[in-house]
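Architecture at a glance
Here are the chains, one letter per residue:
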Amino acid sequence: MKLKQRVVLLAILLVIFIFTKVFLIDNLDSSAANREDQRAFHRMMAGLRVELVPKLDHTLQSPWEIATQWVVPREVYPEETPELGAIMHAMATKKVIKADVGYKGTQLKALLILEGGQKVVFKPKRILGFRRAPLVVGRFVNLRTEIKPVATEQLLSTFLTVGNNTCFYGKCYYCRETEPACADGDTMEGSVTLWLPDVWPLQKHRHPWGRTYREGKLARWEYDESYCDAVKKTSPYDSGPRLLDIIDTAVFDYLIGNADRHHYESFQDDEGASMLILLDNAKSFGNPSLDERSILAPLYQCCIIRVSTWNRLNYLKNGVLKSALKSAMAHDPISPVLSAPHLDAVDQRLLSVLATVKQCTDQFGMDTVLVEDRMPLSHL
């Protein structure tokens, strides 16, 4: 299923990576700190339902200004975000004042300018998101009344009518006039992704565990079990947080079934210190009964994982992840976002991740596998 993926990504990332103050979960009741972690977890669960409301209690009147100020090297938005609902409401409702073809890539997309000058990317029937990914929300757009009147000639030239439906095919590597994206009549369901501020230019990197995409030719990691040792000797994986970011991302991609992470982005000139930013997750939530274990190769070959990530995953087992996802996506304009089989699949894949980490700790010990890496974040 390729529908509604981007909003799902945002929801999962909100659920999994929002817990920033948790410690080892062994003997949970053994210390005041762990008991407070449990209380913090329950507070987070109670606040997952982000309502999309227009009210914005802030000295800055523009939601776009607030979102711009959120961005720092290690996160796109902070843990405490009382303005989140208002910003996502603006993304889902603000008037489109200009529409153009999307930036280069393999998938169909359109670049929209919303009232107030904010850039967003509109993707037909797709969805995803995170504190290491731009905000995403579902949106219905009327192609005839909202998009065509403000479209550039370049985008307008790709519009056509199929039966009673308005369609467009845009410009991208796989975009074809014979395979347009069509609205239901004039109304198209999709997602809008908030454009990152221009003051934070991006740098693209080849993923060290990327696939070759050539028949009969394997990447080195697919046959060399000691491959991680070589990765650890190369920049930016020889120091700093980047390798742990790669492993966090492998866990996340496995949960959503994304085996196509061949590149990733970071902020430019960061020397490996900024976060791995998740921008391309279009090949997620395909077959819910298919688990592609090779996605976890960075985890089971390196056998390290952040303590905080390990704790978050443990808190989410026993059906908690599925329940949290339902709550996080309940108020999205295109809810329900995920089908029941996909929610069940995410829960089952979580158990596989936990089992993989246990195999590592059984072999190398917890002190080696669980890495303490808590980088202070600032929004001053």
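Our subject in this report is the structure included herewith. Quick caveat, the model's predicted, so the values are computed rather than measured. (Residues numbered from 1 in each chain as written. Predicted model: local features only at pLDDT ≥ 70, side-chain atom pairs only at ≥ 80, totals over all residues. Heavy atoms only, no water.)

By the secondary structure assignment, Asn 164 is in the loop between strand E5 (159-162) and strand E6 (165-168). Sequence separation of Asn 164 and Asp 186 is 22 residues, and the distance between their C-alpha atoms is 8.4 Å. (Helix = DSSP H or I, 4+ residues; strand = E, 2+ residues; numbered from the N terminus.)

A separate point is the pairing of E6. Of the strand pairs in this sheet, E5 and E6 are connected by four bridges, and their pairing is antiparallel. Considered in E6, the bridge of Thr 161 is made with Thr 166. What sits between the antiparallel neighbours E5 and E6 is a turn of two residues, in which Gly 163 has the positive phi angle 65 degrees. When E6 meets strand E7 (residues 181-182), the two strands line up antiparallel, connected through two bridges. By the bridge assignment, Phe 168 is partnered in E7 with Ala 181. (Pairing = 2+ DSSP bridges.)

Our focus in this paragraph is the nonpolar core. Across soluble globular proteins, you tend to see nonpolar side chains buried next to one another. The biggest cluster of nonpolar side chains holds 48 residues, and the ones touching the most others in it are Trp 209, Leu 243, Val 251, Leu 299, Ile 305 and Val 353. Elements that contribute at least two residues to this core include exactly helix H7 (227-231), helix H8 (242-256), helix H9 (297-302), helix H10 (307-315), helix H11 (320-329) and helix H12 (340-364). Counting residues per element, this core draws most heavily on H8, which supplies nine residues. Those residues in contact with Leu 299, other than ones at most four positions away along the chain, are Ile 247, Val 251, Ile 304, Ile 305, Val 353, Thr 356, Val 357 and Cys 360. Grouped together as the second largest cluster of nonpolar side chains are 46 residues, Met 88, Leu 135, Val 141 and Val 192 included. (Core = buried A, V, L, I, M, F, W, Y, C linked by side-chain atoms within 4.5 Å. Buried < 20%, exposed > 50% of the residue type's maximum accessible area, 1.4 Å probe, protein only. Contact = heavy atoms within 4.5 Å.)

On inspection of all chains with the given rule, the structure shows 10 salt bridges. Between Arg 74 and Asp 245 there is a salt bridge whose closest N-O contact spans 2.8 Å. You can see Arg 74 sitting in the loop between helix H3 (63-70) and helix H4 (84-93) and its partner Asp 245 sitting in helix H8, a full 171 residues away along the chain. A single burial state applies to Arg 74 and to Asp 245, both of which are buried. (Salt bridge = Lys/Arg side-chain N within 4 Å of Asp/Glu carboxyl O.)

Attention now goes to the packing of aromatic side chains. One pair of aromatic rings is described through two measures. These are the centre distance and the angle between the planes. Here the structure, examined in full by the defined rule, presents four aromatic pairs. With a centroid separation of 5.4 Å and an interplanar angle of 20 degrees, the aromatic rings of Phe 159 and Phe 168 are classed as stacked. The burial state of Phe 159 is the same as that of Phe 168; both residues are buried. Ring geometry for Tyr 173 and Tyr 174: centres 4.8 Å apart, planes at 90 degrees, overall edge-to-face. (Phe/Tyr/Trp six-rings, centres within 6.5 Å; stacked < 30°, edge-to-face > 60°.)

A word on the packing of H10 against H12. H12 packs onto H10 with a crossing angle of 135 degrees between their chain directions and a minimal axis gap of 10 Å. One finds that H10 runs oblique with respect to H12. In the crossing of H10 with H12, the sense of the turn from one axis to the other is left-handed. Between H10 and H12, the residues in contact are Trp 310, Leu 313 and Asn 314 and Leu 350, Val 353, Leu 354 and Val 357, respectively. Counted by class, the contact of H10 with H12 contains six nonpolar, one polar and no charged residues. (Axes fitted to C-alpha atoms, helices over the stretch in contact; angles between N-to-C directions. Parallel < 35°, antiparallel > 145°, perpendicular 65-115°, else oblique. Left-handed = near helix turned anticlockwise from the far one by under 90°. Nonpolar A, V, L, I, M, F, W, Y, C, P; charged D, E, K, R; others polar.)

Glancing now at unusual backbone geometry. In the segment running from Ser 235 into Pro 236, the intervening peptide bond is cis, with an omega of 5 degrees. Looking at where Pro 236 falls in the secondary structure, it is placed in the loop between H7 and H8. One non-glycine residue with positive phi stands out, namely Cys 303, at about 55 degrees. Since its relative accessible area comes to 6%, Cys 303 is described here as buried.

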